[in-house]
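# Survey of secondary and tertiary structure
Here are the chains, one letter per residue:
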Amino acid sequence: MAQTQPCKDLTAARAKTTFPVIDLTRYIYGSDENIARRRELASLVANDPVFANENRQVDSSTPVRAIVLWVGLSRVQEVKQGLAMSYRLYQLKEQHNLTQEEMLTCLKFIDELLPVSLHETAFIPIIDAQGTEEQAKYWGPLAEKHQIIGCYAQTELGHGSNLSELETTAVLNKDTDEWIIHSSSFTASKWWIGGLGAIATHALIQARLLIDGKDYGAHGFIVPIRSLKDHRPFPGVKVGDIGPKAYGGFSKIDNGFVCFEHYAIPRENMLMRFAKVTRDGQYIKPLHSKLSYGSMVLLRSLMIFDSGMAMARAATIATRYATVRRQSHVPTSRRDTENPDLETQVINYPMVQSRL
């Protein structure tokens with residue numbers, strides 16, 4: 001079968017490559033084995049109807065492809081799709097015995113931010129990084145087996161993710177050996193928290209740690225939000241969905257809020273790999289005051305890495321399209337000498353090249 005013109009254009013463009021593509025690919029992904037495994041995982045997602053673009057539906061009769069940019073999907077429909085994708089992702093992990101890292105790779109191939117994204121990329125890694133060995137051993141298996149679903153709750157309505165201005169407090173009650181989690185005002189409400197609106201049973205809360213009136217700054221606490229028996233919020237916890245964000249990239253995530261009314265949790269629920277609080281209320285400071293901020297540094301570094309990869313994918317798609325898209329004629333002296341009768345490839349326009 002003869003090649004179409006777009007295929008010819010892509011083949012010709014690739015033939016002009018001035019560097020060894022496979023060497024660059026190995027540099028990015030580490031080895032031929034890693035490359036082959038990534039392609040297997042990509043195929044696993046691409047061939048699954050749950051993740052297929054044409055099967056992402058508003059309801060049982062209206063395909064998403066009939067709706068421009070998914071406009072018109074209700075909040076419930078969006079989140080239901082996200083939950084279905086999340087559930088299928090976990091099925092694939094079990095069916096194909098995927099490692100945690102391999103499942104996260106599949107999550108990136110899905111091209112959607114899902115309700116469980118923060119559970120996988122924040123809740124589990126932060127417990128592992130900031131918790132003691134005992135805490136990681138207890139909470140880690142529960143989270144990895146999805147017996148609990150977590151989220152990361154730092155952002156507050158009043159001050160965003162500014163740790164130094166957080167209003168949520170965790171006051172130590174020495175008599176009961178508990179932390180009393182409290183939202184001191186309306187602006188102390190945790191806000192925009194992915195996974196919190198409907199599905200999270202637990203939240204990793206950043207709150208100001210207070211002992212005998214002394215403020216030791218923001219620390220992390222594992223806070224039960226909803227009952228594992230009936231999924232209802234615990235007394236002292238007010239939680240709910242805040243509705244869709246103003247842009248579509250987060251539409252399948254149940255972004256939520258939570259505020260606390262003198263809500264008690266065990267002292268051991270404070271993440272204590274670095275800073276510690278003993279049974280008698282002694283605060284043992286970490287070797288470095290910034291270590292407790294490591295969880296947010298981790299998240300932001302991952303965000304930068306993922307953003308870079310997303311930009312690379314977008315640039316690749318745009319470059320391929322600009323190579324096969326032909327429009328208008330340039331002066332004869334600048335035309336494609338091999339195809340002088342064809343319109344000019346968009347990638348040959350200097351303004352397009354500068355932007356790409």
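Please read these numbers as outputs of a predicted model, since none were measured by experiment.

## Considerations on the overall build of the protein chain
- Looking only at helices and strands, the protein chain has nine helices and 11 strands in total.
- For the protein chain, restricting intrachain contacts to residue pairs at least 6 apart in sequence, the fraction spanning at least 24 positions comes to 63%.
- Surface accessibility of the protein chain: about 20,100 Å² in total, with carbon and sulfur atoms responsible for 58%.

## Quick notes on the packing of aromatic side chains
- Scanning the model with the defined rule gives five aromatic pairs in all.
- With centroids separated by 5.2 Å and ring planes inclined at 70 degrees, the aromatic side chains of W179 and F221 adopt a geometry described as edge-to-face. In this pair, W179 sits in strand β3 (residues 178-183) while F221 sits in strand β6 (residues 214-224), placing the two residues 42 residues apart along the sequence.
- Here the aromatic rings of F260 and Y263 are separated by 6.0 Å at their centres, their planes lie at 10 degrees, and the arrangement is stacked.

## Side note on helix α6 (residues 117-130)
- The first and last C-alpha atoms of α6 sit 19 Å apart over 14 residues, in line with the 20 Å expected at 1.5 Å per residue.
- Along α6, the residues that are buried comprise S117, H119, E120, A122, F123, I124, I126, I127 and Q130.

## Thoughts on unusual backbone geometry
- Although it is not a glycine, N97 sits at a positive phi angle of roughly 55 degrees.
- Position of N97 relative to the elements: it lies in the loop between α4 (75-95) and α5 (100-109).

## So, the environment of P115
- Mapping P115 onto the fold places it in the loop between α5 and α6.
- Judged by its relative accessible area of 2%, P115 falls in the buried class.
- As a C-alpha pair, P115 and I253 span 138 residues in sequence and 4.4 Å in three-dimensional space.
- Those residues within four positions of P115 in sequence are excluded, and the remaining contacts are G82, L83, S86, G195, I199, K252, I253 and D254.

## Details of the sheet that holds strand β8 (residues 256-260)
- Across the sheet, which stays open at both edges, the three strands sit in the order β4-β8-β7 with antiparallel pairing between neighbours. This sheet does not close on itself; its edge strands, each paired only once, are β4 (190-193) and β7 (237-241). Within this sheet the neighbouring strands show an average axis-to-axis angle of 15 degrees, counted without direction.
- Relative to β8, β7 is paired through five bridges, and the arrangement is antiparallel.

What counts and what doesn't
Residues numbered from 1 in each chain as written. Predicted model: local features only at pLDDT ≥ 70, side-chain atom pairs only at ≥ 80, totals over all residues. Heavy atoms only, no water. Helix = DSSP H or I, 4+ residues; strand = E, 2+ residues; numbered from the N terminus. Contact = heavy atoms within 4.5 Å. Areas by Shrake-Rupley, 256 points an atom, 1.4 Å probe, with all protein chains shown as cover. Phe/Tyr/Trp six-rings, centres within 6.5 Å; stacked < 30°, edge-to-face > 60°. Expected span 1.5 Å × (residues − 1). Buried < 20%, exposed > 50% of the residue type's maximum accessible area, 1.4 Å probe, protein only. Pairing = 2+ DSSP bridges. Axes fitted to C-alpha atoms, helices over the stretch in contact; angles between N-to-C directions.

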